[in-house]
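Coordinate inspection notes
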Amino acid sequence: MKMTKEQARHRRKLRIRKKVNGTENKPRLVVFRSNVHIYAQLVDDETGCTLVSSSTLTMTRGGTAVRANREGAASVGKDIAEKAKAKNILTVVFDRNGYLYHGRIKALADGAREGGLKF
């Protein structure tokens with residue numbers, strides 16, 4: 001029986017999460033992608049707390065919402081990097097959450113790197 005796309009992503013997600021773990025000094029940068037929005041958050045896995053979050057849903061520019069395309073993903077990456085710097089977080093572990101490192105996911109990672117995060 002053939003696996004669906006969502007089942008394949010879930011399998012990749014579990015394989016990644018076995019290896020990737022975030023701490024308070026080096027939190028995990030988690031990305032979630034939907035058809036309408038893209039979300040990113042920094043998570044401390046030791047306490048289970050979200051330290052910083054950003055998304056196209058919460059970001060607005062001049063009253064217009066940021067779209068969930070590559071440019072929007074890059075701006076979310078830069079925004080989360082700025083918020084992380086404000087909390088003295090400079091290094092993170094990237095968790096692509098089972099998505100392929102391509103397109104919007106790559107744009108978000110590049111935006112976070114441009115913003116000053118290291119991973």
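Here, the structure is the one placed above.
Let me begin by describing the structure that accompanies this report. (Residues numbered from 1 in each chain as written. Predicted model: local features only at pLDDT ≥ 70, side-chain atom pairs only at ≥ 80, totals over all residues. Heavy atoms only, no water.)

As a further point, take the packing of aromatic side chains. Geometry of an aromatic ring pair is reported as the spacing of the ring centres plus the angle between the planes. Following the criterion strictly, the structure yields four aromatic pairs and no others. Pairing F32 with Y99 gives two aromatic rings, centres 6.5 Å apart and planes at 65 degrees, and the pair type is edge-to-face. Taken together, the positions of F32 in strand β1 (residues 28-33) and Y99 in the loop between β6 (93-95) and α3 (104-114) put the pair 67 residues apart, joining distant regions of the chain. Relative to F119, the ring of F94 has its centre 5.3 Å away and its plane inclined at 15 degrees; by these criteria the two rings are stacked. In this pair, F94 sits in strand β6 while F119 sits in the segment after α3, placing the two residues 25 residues apart along the sequence. The class of F94 is buried, set by a relative accessible area of 16%. (Phe/Tyr/Trp six-rings, centres within 6.5 Å; stacked < 30°, edge-to-face > 60°. Helix = DSSP H or I, 4+ residues; strand = E, 2+ residues; numbered from the N terminus. Buried < 20%, exposed > 50% of the residue type's maximum accessible area, 1.4 Å probe, protein only.)

In this section: the nonpolar core. Core analysis: the largest hydrophobic core is formed by 23 residues, its most contacted members being L29, L42, F94 and L108. For this core, the elements supplying multiple residues, two or more each, are β1, β2 (38-44), α2 (70-86) and α3. For L29, the contacting residues outside a window of four places in its chain are A40, Q41, L42, I80, V92, V93, F94, D95, A112 and F119. (Core = buried A, V, L, I, M, F, W, Y, C linked by side-chain atoms within 4.5 Å. Contact = heavy atoms within 4.5 Å.)

As a further point, take the pairing of strand β3 (residues 49-55). Where β2 and β3 come together, six bridges link them in antiparallel fashion. For D44, the partnering residue across the bridge sits in β3 and is C49. Here β2 folds back onto β3, and the loop between the two strands holds four residues, one of which, G48, carries a positive phi near 75 degrees. (Pairing = 2+ DSSP bridges.)

We note that N88 has phi near 60 degrees; this positive angle belongs to a residue other than glycine. Of note, N88 is situated in the loop between α2 and β6.

Tallied over the entire structure, the rule returns seven salt bridges. The shortest N-O distance in the salt bridge between D45 and R28 comes to 2.7 Å. Of the two residues, D45 sits in the loop between β2 and β3 while R28 sits in strand β1, which places them 17 residues apart along the sequence. What makes D45 partly exposed here is its relative accessible area of 22%. Salt-bridge contacts for D95 lead to R28; the nearest nitrogen and oxygen are separated by 2.8 Å. Taken together, the positions of D95 in strand β6 and R28 in strand β1 put the pair 67 residues apart, joining distant regions of the chain. In this pair, the class of D95 matches that of R28, namely buried. One continuous salt-bridge network, built from bridges that share partners, spans R17, R28, D45 and D95. (Salt bridge = Lys/Arg side-chain N within 4 Å of Asp/Glu carboxyl O.)

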